[in-house]
Amino acid sequence: MCTGSSHPDRHHGGYDQGAENGILFKNSETMERAGRVRMVVLDKTGTITRGEPALTDVLPAGSNPASDLLSLAACAEAGSEHPLARAIVGAAKSQGLRVVTPESFRAISGFGVRAVVDDRAVVIGNPKLMQNEGIAIDALQGDITRLQGEGKTAMVIAAAPADGSSPAQPLGLIAVADTIKPGSREGIADLRKLGIDVAMITGDNQRTAEAIARQVGIERVLADVLPGDKAAEIKRLQGGDAANGEKSQTIAMVGDGINDAPALAQADVGIAIGTGTDVAMAAAGITLISGDLRGVARAISLSRGTVQTIVQNLFWAFFYNILLIPIAMFGLLMPMIAAGAMAFSSIFVVTNSLRLRGYNVQKLAPPKSIPGQIAELAPRLAVAGGALLLLIAISVGFIETPGSAAQMGSANTLRNGVIVTPNYRATIEPDAAIVPGQFAPLNIKIVDQFNQQLTDFEVRNFGNYLYYAFLTVVPRDFSSLAFTPVVMDPYRLEPLKAVSSGAGAAGPAAGMGGGAASGMGGGGAASAAAPASPLAQPTLAFDERVLPANVVFPQEGEYVAFLNFQPKGGNAQSVAVPLKVGEVKAPPVKLTPDANYTQLVGDLQVTLHFTTPLRAGQPNYFTVTAQDESGLDRTEEIEALSGANANVFVVDEGLNYVMIPGFTDRTALQFAIPFPKSGNYKIWFTYLQQGQPQQAGFVIAVP
């Protein structure tokens, strides 16, 4: 969900912020693409300049009055709507000169006009037009060069009899100049701050164009470009110039007139001046309502901010999914935590996007690389990522919050060195108030993540009964340990008062740990006669066949019960449930490693040996030996008499998990423990001596 929401919200935030600053984006594609612009090409007239040129010079050739030259030019231009024509006509009218409609008129795009005024064929235009018409203007070239150097547009006026009886002769020059639009210099400077190259494109000659460019700080000038060739010039820039080592790049074109529309459409990003023509705005992807050239840099800055937010959100979304999906695939993520993490991730994406509402469009800086954007995100990502990792740690059990085990019944369990985090919860309730020193029947209920009771287990035989789970109970002071299979009667016979550990009882199969029943602290289990195997098939429900698990709690205090089970067709699972007997509170106990690993249990000296240096993260091999008072080795006898009742249990100092390693060589009482991490552990060896269950406990330190 957070991946899918990484784009739309960001675009809406960008649209809103752009509209507030007079920038209209046509669509989300344009918004994203604007941030990748590396060159902005600006049309001169109406974009950099006001687009309202004014008459500056009238230079007649020979003795002709300047007023006659201006009047003739105004009459010829009266049929044109070009800004230069309007400037000439306006100047003539302001001086009270005669201005009439020409008898005929023809505009030559990019060059000038032809008209017939008072039976005279008048040609007005740039020097190129005169060259094309075969009109010699050598006498005027000095003035033309001077005017162009001043940034003025010089137009030659020539006339001939309308009947063509003689060739046209130059009558003089008229010059007009367009003033720089307010904000143009600042807008171009802002673009340079963004690390963007700026070029100016115009139909003016090179000298005039360069004079204008110098005034606003533009170094690259594309002059003498006819209106119909602007789109081709933009296309050339997009492809780069291999001869000059230029690579293809993303180009933005800024214009305002009808003749700019093809170039605006050709550019990767077309930006129209809002004070221009409707055709230009229709062809462009971005419109600057105010017409202020500084809006170009602001639009690009906003686009970069929007794209950067999208990149940050996508990074977070993929980081979230890459981290959590494998954990969820292995069943190590509780659904409730997963749902919370999903909501948290979406909240991060949305709140990060809302930052665009306060984005400063005047924040001008060179473009940032994706690693740089991620680095900028790091402080915010650290907080969000830390919170997400905390949720994961709680889910997989690396961190146990106060009361979390009681509420969720979940904790880490290690089997063969692998941490298993269940998607199950368990409740353990006594039939009556627990009395220390007496058997306490415990009713166990296991539910899945949907709060549905689990009734379909991988079961194993236990005499004439079946056991579906294995219960290990440890007090918080590590003083003793109790374990028992959790059984059910498949045919509903007379219930057992206690599960027997006699010769007919089989210990738990591999994967669930070995062991039979014992009382806490070595107390014996009350035996019950094994019932005869019935022939009838079971017909009662699961709850009606389950027998309570009987455990002796030697004293008041706090305990942790570890429940191992395997759902039908699934993986082995384990949950831990805190239990309390009486009102005595037990603070956490810090284990102290034993100085030696020999204990006197009854009349036997039980010794724990490790054959390799202890190290976390790898198998560590141990053996147990037993000697009597005379020094006689009784190990084989202990193994033979104990059978399936000889077992090893390992609990970490934090009571987070229990390991029940199987024997690698039962005859020699050899076993291996892959400790998951460094720390202190308590190892219990349980066995039978003279038919009574015994325990020997050792505390070891694993570096």
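Provided above is the structure to which this section pertains.
1. Looking at the overall build of the protein chain
A count of helices and strands for the protein chain gives 18 helices and 32 strands. Taking all 703 residues of the protein chain together, 49% fall into the buried category. Residue pairs at least 24 apart in sequence account for 65% of intrachain contacts in the protein chain once pairs closer than 6 positions are excluded. Accessible surface computed for the protein chain: about 31,300 Å², of which carbon and sulfur atoms make up 54%.

2. Let's talk about the sheet that holds strand S11 (residues 251–255)
Strands sit in the order S1-S13-S12-S11-S2-S9-S10 across an open sheet of seven strands; the sheet is mixed. Looking at the sheet topology across the chains shown, the edges are occupied by strand S1 (23–25) and strand S10 (220–222). Here the strands of the sheet are splayed against their neighbours by 20 degrees on average, with no regard to which way each runs. Pairing of S11 with strand S12 (residues 269–273), which is carried by four bridges, proceeds in the parallel orientation.

3. Focus: the sheet that holds strand S7 (residues 153–161)
Whenever strands of a sheet pair, they do so through backbone hydrogen bonds, lying parallel or antiparallel. Read across the open sheet, the six strands follow the order S3-S8-S7-S6-S5-S4; overall the sheet is antiparallel. Edge positions in the sheet fall to strand S3 (54–60) and strand S4 (104–108), since each has one partner strand and no second. Strand-to-strand twist of the sheet, defined as the mean angle between neighbouring strand axes without regard to direction, takes the value 20 degrees. Bridge analysis of strand S5 (residues 112–117) against strand S6 (residues 120–125) gives six bridges, and the strand direction is antiparallel.

4. Quick notes on the pattern of salt bridges
Summed over all chains, the structure comprises 15 salt bridges. Two residues, arginine 114 and glutamate 133, come together in a salt bridge whose shortest N-O distance is 1.9 Å. Here arginine 114 is found in strand S5, whereas its partner glutamate 133 is found in helix H6 (residues 127–133), with 19 residues between them in sequence. Exposure remark for arginine 114: the relative accessible area of 28% places this residue in the partly exposed category. Here glutamate 133 falls in the partly exposed class, since its relative accessible area comes to 30%. Arginine 476 is the partner of glutamate 558 in a salt bridge, and the nearest nitrogen-oxygen pair spans 3.4 Å. Highlighted residues: glutamate 558 in strand S22 (residues 557–565) and arginine 476 in the loop between strand S19 (465–475) and strand S20 (482–488), separated in sequence by 82 residues. For arginine 476, a relative accessible area of 23% translates into the label partly exposed. A cluster of three or more residues bridged by salt bridges with shared partners is formed by Asp57, Asp143, Arg146, Glu150 and Lys152.

5. Regarding helix H5 (residues 83–94)
With 12 residues, H5 extends 16 Å from end C-alpha to end C-alpha; this agrees with the ideal 16 Å at 1.5 Å per step. Looking only at H5, the buried set comprises Leu84, Ala85, Ala87, Ile88, Val89, Ala91 and Ala92. Looking at the packing, one finds that the buried side of H5 touches S3, helix H4 (66–77), S7 and strand S8 (169–177). Glycine 96, located one to two residues past H5, shows a positive phi value of around 75 degrees.

6. Overview of the environment of aspartate 143
Mapping aspartate 143 onto the fold places it in helix H7 (residues 141–149). Judged by relative accessible area, which is 31%, aspartate 143 ranks as partly exposed. When neighbours within four sequence positions are excluded, aspartate 143 is seen to be in contact with Leu59 and Leu173.

7. Details of the pairing of S20
With seven of seven residues buried, S20 lies mostly within the body of the structure. Summarising the sheet, S19 and S20 pair through seven bridges and their orientation is antiparallel. Residue leucine 466 lies in a different strand from S20, and its bridge partner there is methionine 488. Two successive antiparallel strands, S19 and S20, enclose a turn made up of six residues, where phenylalanine 478 displays a positive phi of approximately 60 degrees.

8. Structural notes on the pairing of strand S25 (residues 604–610)
Sheet topology places strand S24 (residues 598–601) next to S25; four bridges connect them, and they run antiparallel. The residue bridging valine 601 from the neighbouring strand is leucine 604, located in S25. Between S24 and S25, which pair antiparallel in sequence order, lie two residues; one of them, glycine 602, sits at a positive phi of approximately 65 degrees. Strand direction decides the pairing type here: S25 and strand S26 (residues 619–627), joined by six bridges, are antiparallel. Paired with glutamine 605 across the bridge in S26 is glutamine 627.

Parameters at a glance
Residues numbered from 1 in each chain as written. Predicted model: local features only at pLDDT ≥ 70, side-chain atom pairs only at ≥ 80, totals over all residues. Heavy atoms only, no water. Helix = DSSP H or I, 4+ residues; strand = E, 2+ residues; numbered from the N terminus. Buried < 20%, exposed > 50% of the residue type's maximum accessible area, 1.4 Å probe, protein only. Contact = heavy atoms within 4.5 Å. Areas by Shrake-Rupley, 256 points an atom, 1.4 Å probe, with all protein chains shown as cover. Pairing = 2+ DSSP bridges. Axes fitted to C-alpha atoms, helices over the stretch in contact; angles between N-to-C directions. Salt bridge = Lys/Arg side-chain N within 4 Å of Asp/Glu carboxyl O. Expected span 1.5 Å × (residues − 1).

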